[in-house]
Amino acid sequence: MVRAVRFHELGGPEVLRIEDVPVREPGPGEVRIRVDAVGLNRAEVNFRRGTYLEDPRLPAGLGTEAAGEILAVGAGVDWAPGTPVSVIPAFSQNDYPVYAEEAVVPASALVRRPDGMDAVTGAAVWMPYVTAYGMVAEIVRVRPGDRVVVTAAANSIGVAALQVLRSLGAVPVATVPAPGHEAALRAAGAAEVLVTGPYDGPVTADLGRADLVLDAVGGPQVEQLVRACAPGGSVIVHGGLSGLPTPLPGGGYAAVWLRRYRVFEITGDPAALRRAIAFVTAGLRTGALQPVIDRVFAFDEVRAAHEYLDSPTRAPGKPVLLTR
């Protein structure tokens, strides 16, 4: 038996429980890992509430991003026990939850952790950088000099996007709902930082003319983002922090491409995932990509961690949960 976080009903952080659960042996194509750290994402908050893209099968576990060490492998798996690894989000939380001391995950979702990278950092890398890479290299091709607006830039994907865009020679423009994180975002690569007001209200800053917008907010603000684009620009909506419906903008704006995006478009495509891993690995090696850890929570603090995940006052970077 190992300790794992589960919930038996939908709701706020108070529904989360730490329970003793059995861990099965890995089947074909699977591995069992010792989980040392878990990368925390807002997707888990929405999954717990029942507002995610899939409904939880109760009682449900949580999490798709972790770092640890391989304990056992199933048939047909070319990994060795004892290997330090990171787990890339490439599966359903219903099937392979990782908020636990040990977990079974698909071998195809593993990346070897580089020498010298600790588990906390290893749990903070892949969701942010693969999400950002997919938008600016697979969905669209960002060019040097492109002006790219990154909304909600203080979250982990926003910080990763600023670093990725800087490495590609683009001009990243960070937006935040309130002042306070300007210095950290400029350090991450932002050429400008704009305070645009609460997520559930109108954008109150002049966004200029954008070639691309990476939007984590959704809701009515999307219409303003579309209108801020230069002809031929794109708006990629990859989140819904506003909690409001995203209406299709009316006419009267330049020809703009608007689409939804999920990281599973990349992690579910072996060729695209291979390119993403190569890109991120090279960026980590050269120092162009430097994971930013926000806060580290103990396993028993999982409820507090989820409260923090949903807080508008979060600092830039990635919260991480330690499992031991």
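Note: the structure precedes this text.
Residues numbered from 1 in each chain as written. Predicted model: local features only at pLDDT ≥ 70, side-chain atom pairs only at ≥ 80, totals over all residues. Heavy atoms only, no water.

1. What to know about the overall build of the protein chain
Scanning the protein chain for helices and strands turns up nine helices and 15 strands. At 19 Å, the protein chain has a C-alpha radius of gyration in line with the 20 Å of a compact globule built from 324 residues. In terms of overall dimensions, the protein chain has a C-alpha envelope of 60 × 40 × 35 Å along the principal axes. Every one of the 324 residues in the protein chain was classed for burial, and the buried ones make up 56%. Looking at the protein chain alone, contacts between residues at least 24 apart form 65% of all its contacts between residues at least 6 apart. (Helix = DSSP H or I, 4+ residues; strand = E, 2+ residues; numbered from the N terminus. Rg over C-alpha atoms; globule rule 2.2 N^0.38 Å. Buried < 20%, exposed > 50% of the residue type's maximum accessible area, 1.4 Å probe, protein only. Contact = heavy atoms within 4.5 Å.)

2. Observations concerning the nonpolar core
Among soluble globular proteins, nonpolar side chains are generally buried collectively. Counting residues in hydrophobic clusters, the biggest one holds 45 residues, and the most contacted among them are Leu185 and Leu214. The set of elements that each furnish at least two residues to this core consists of α3 (126–139), β8 (147–150), α4 (156–167), β9 (171–176), α5 (182–188), β11 (210–215) and α8 (270–286). Broken down by element, the residue count for this core peaks at 10 residues, all from α3. Residues contacting leucine 214, with those up to four places away along its chain left out, are Met135, Val136, Val148, Val149, Val150, Thr151, Ala161, Leu165, Ile236 and His238. Counting residues in hydrophobic clusters, the runner-up holds 37 residues, among them Val38, Val45, Leu62 and Val302. (Core = buried A, V, L, I, M, F, W, Y, C linked by side-chain atoms within 4.5 Å.)

3. Looking at the packing of aromatic side chains
Counting across every chain of the model gives five aromatic pairs. Their ring planes at 90 degrees and their centres at 6.0 Å tell us that phenylalanine 7 and phenylalanine 47 sit as a pair that is edge-to-face. Linking phenylalanine 7 in strand β1 (residues 2–7) with phenylalanine 47 in helix α1 (residues 42–49), this pair joins segments that are 40 residues apart in sequence. By relative accessible area, phenylalanine 47 is classed as buried at 0%. Judged by centre distance (6.2 Å) and plane angle (90 degrees), the ring pair of phenylalanine 47 and tyrosine 52 falls under edge-to-face. Both residues of the pair, phenylalanine 47 and tyrosine 52, belong to the buried class. Ring pairing ties together the aromatic residues Phe7, Phe47 and Tyr52, which thus form one cluster. One residue, arginine 295, lies across the ring of tyrosine 308, its end atom 4.7 Å from the ring centre. (Phe/Tyr/Trp six-rings, centres within 6.5 Å; stacked < 30°, edge-to-face > 60°. Lys NZ or Arg CZ within 6 Å of the ring centre and 35° of its normal.)

4. Describing the sheet that holds strand β12 (residues 229–237)
The six strands lie next to each other as β10-β9-β8-β11-β12-β13, forming an open sheet whose pairing is parallel. A strand with exactly one partner marks an edge of an open sheet, and here the two such strands are β10 (192–195) and β13 (257–260). On average, each strand axis in the sheet is inclined to that of its neighbour by 15 degrees, with strand direction left out of account. Taken strand by strand, α3 contacts β11, β12 and β13, and its axis lies near 145 degrees from that of β11. Strands in contact with α4 are β8, β9 and β11; relative to β8, the strand with the most contacts, it is inclined by about 170 degrees. (Pairing = 2+ DSSP bridges. Axes fitted to C-alpha atoms, helices over the stretch in contact; angles between N-to-C directions.)

5. A few points about the environment of glycine 283
Positionally, glycine 283 belongs in helix α8. Overall, the relative accessible area of 7% leaves glycine 283 in the buried class. For the pair formed by glycine 283 and valine 149, sequence separation is 134 residues and the distance between their alpha carbons is 21 Å. What glycine 283 contacts, discounting residues up to four positions off in sequence, is Ala288 and Leu289.

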